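Residues per chain, in single letters:
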Amino acid sequence: MTSRCPDCAQALDHCHGDLVVHASGRPECTDPACVELDVPRHRNVVGCDALGCTCTDAT
Amino acid sequence: MARPIWSGTVNFGLVSIPVRLYSATQDHTVHFRQIERGTSDRVRYQRVNERTGKEVDYGDIVKGREIADGEYVVVEPEELDAIAPGRSRSIDIDTFVDLDEIDPIYFQKTYWLGPGDTSGSRPYGLLVKALEKSNRAGICNFVMRGKEYLAAIRADDGVLALDTLFFADEIRRPKDQLGELPDSAPRGKELDMAISLVDSMAGPWKPEDYSDTYTERVEQLIEDKAAGRTIKTESEPPESTNVVDLSDALRRSVEAARGGRGRKGSSTGGRKKKESADLSELSKSELDRIARDLDVPGRSKMRRDELEKAIKGQKTERADKSAS
């Protein structure tokens, strides 16, 4: 729960982690407690290259 | 009851229905933690201020677009929602299309769209019935957490389902992905034989017949490693069919399928065999599946040993009933 988060204020199901999407489309969340790797639950969705992953190089 | 991931209204014509959006599907992939090799130390991501090196709280993170060297335009989440004032709080149905007209490639993910409150239950029920009877889906756009979605609202099992759809420019054409398209012209009677094979393997769509055997194997691998057992490896997959042998491969496949050996059911043969094995040798995921098949009450909260005991009890109970 974060006071400045509009989704917390509305008691909506969401995640504060960053959803990292790999080249194959496989998602991974930076929050180990994330229960569902679904794009709409995350405000921050990044490509895996943002974390230094090189799997995009293979495509 | 699950918490909604979004709430707002669905508008069609002059009718507004308060709704809440819930996930309709769940992923059962095994979620691993990241550990540094040679240790039991968990690895985690941190959002760190590059200048101070200190971790930044989620609520203190805003988005910024660099417009000059080191100069950013900062955007708050509320500002992103505010530029789509209607679309972040409401779903406006633009048009109703025949459901069968939507190519499956456009479907992304399904959500349940439940009534937001009791005041909207009549128009909600009306929309469900109208979509059911017309076999149509309402096409709409809406904004959720700073991203615009194209979606189709349809009736499913007496409620509204919302399928997020890919935009047309998100679909990749086969030629762009595959390069040269394969020469697909069949030779001689190959097509007849292939159709015959397809027909002989035809069956009704029963999603419950399929399980994620890879996830079951991952669970088994973890159990085996935890117990210090030898790791079982799978045999190599069969080699692809030589083009010269295609007719022969098709003929033998049709024969095998007609004899019942080529049906997908053959893969469940192993499953049945495993079920009859000693329950103590089975993984928790395999016990979960057997418990589900036997409809063991409270199975989702049971530990492995409890599942084993409950399955034995259920089997004994059923055997007693059939004997009496």
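Check the entry above for the structure.
Quick look at the structure, then.

About the criteria used
- Residues numbered from 1 in each chain as written.
- Chains lettered and ligands numbered in written order.
- Predicted model: local features only at pLDDT ≥ 70, side-chain atom pairs only at ≥ 80, totals over all residues.
- Heavy atoms only, no water.
- Helix = DSSP H or I, 4+ residues; strand = E, 2+ residues; numbered from the N terminus.
- Buried < 20%, exposed > 50% of the residue type's maximum accessible area, 1.4 Å probe, protein only.
- Contact = heavy atoms within 4.5 Å.
- Areas by Shrake-Rupley, 256 points an atom, 1.4 Å probe, with all protein chains shown as cover.
- Lys, Arg positive; Asp, Glu negative; His and termini not counted.
- Charge placed at Lys NZ, Arg CZ, Asp CG, Glu CD.
- Core = buried A, V, L, I, M, F, W, Y, C linked by side-chain atoms within 4.5 Å.
- Salt bridge = Lys/Arg side-chain N within 4 Å of Asp/Glu carboxyl O.
- Buried area = accessible area lost by both parts, 1.4 Å probe.
- Polar contact = N/O pair within 3.5 Å; in protein donor to acceptor, adjacent residues only side chain to side chain.

Another point: the overall build of chain B. Secondary structure assignment for chain B yields 9 helices and 9 strands. Put simply, chain B has 324 residues, and 28% of those count as buried. Restricting to contacts in chain B with at least 6 residues of sequence separation, those with at least 24 account for 58%. If you sum the accessible surface of chain B, you get close to 23000 Å²; carbon and sulfur atoms cover 51% of it. When the 53 positive and 59 negative side-chain charges of chain B are each reduced to one mean point, those points stand 5 Å apart.

Attention shifts here to the nonpolar core. Membership of the largest hydrophobic core comes to 24 residues, with the highest contact counts inside it found for Leu-21, Ile-91, Leu-113, Phe-142, Ile-153 and Leu-162 of chain B. Core analysis: the second largest hydrophobic core is formed by 11 residues, Leu-282, Leu-287, Leu-294 and Met-302 of chain B among them.

Applying the stated criterion across every chain yields a total of 16 salt bridges over all chains. The residue Asp-7 of chain A makes a salt bridge to Arg-145 of chain B at a minimum N-O spacing of 2.9 Å. In this pair, Asp-7 of chain A is assigned in helix H1 (residues 6-9) and Arg-145 of chain B in the loop between strand E7 (136-144) and strand E8 (147-156), connecting two distinct chains. The same class applies to Asp-7 of chain A as to Arg-145 of chain B, namely buried.

So, about the interface of chain B and chain A. Contact with chain B, which involves 30 residues of that partner, is made by 27 residues of chain A. For the pair chain B and chain A, the two sides together bury roughly 2500 Å², of which 47% comes from carbon and sulfur. Applying the counting rule to chain B against chain A returns 4 salt bridges. As a salt-bridge pair, Lys-109 of chain B and Glu-36 of chain A come within 2.9 Å of each other at their nearest N and O atoms. Along the contact surface separating chain B from chain A lie 15 residue pairs in polar contact (both at pLDDT 80 or more). At the level of elements, strand E1 (6-12), helix H1 (77-82), strand E6 (107-115) and E8 of chain B are the ones that each hand at least two residues to the side of chain B that touches chain A.

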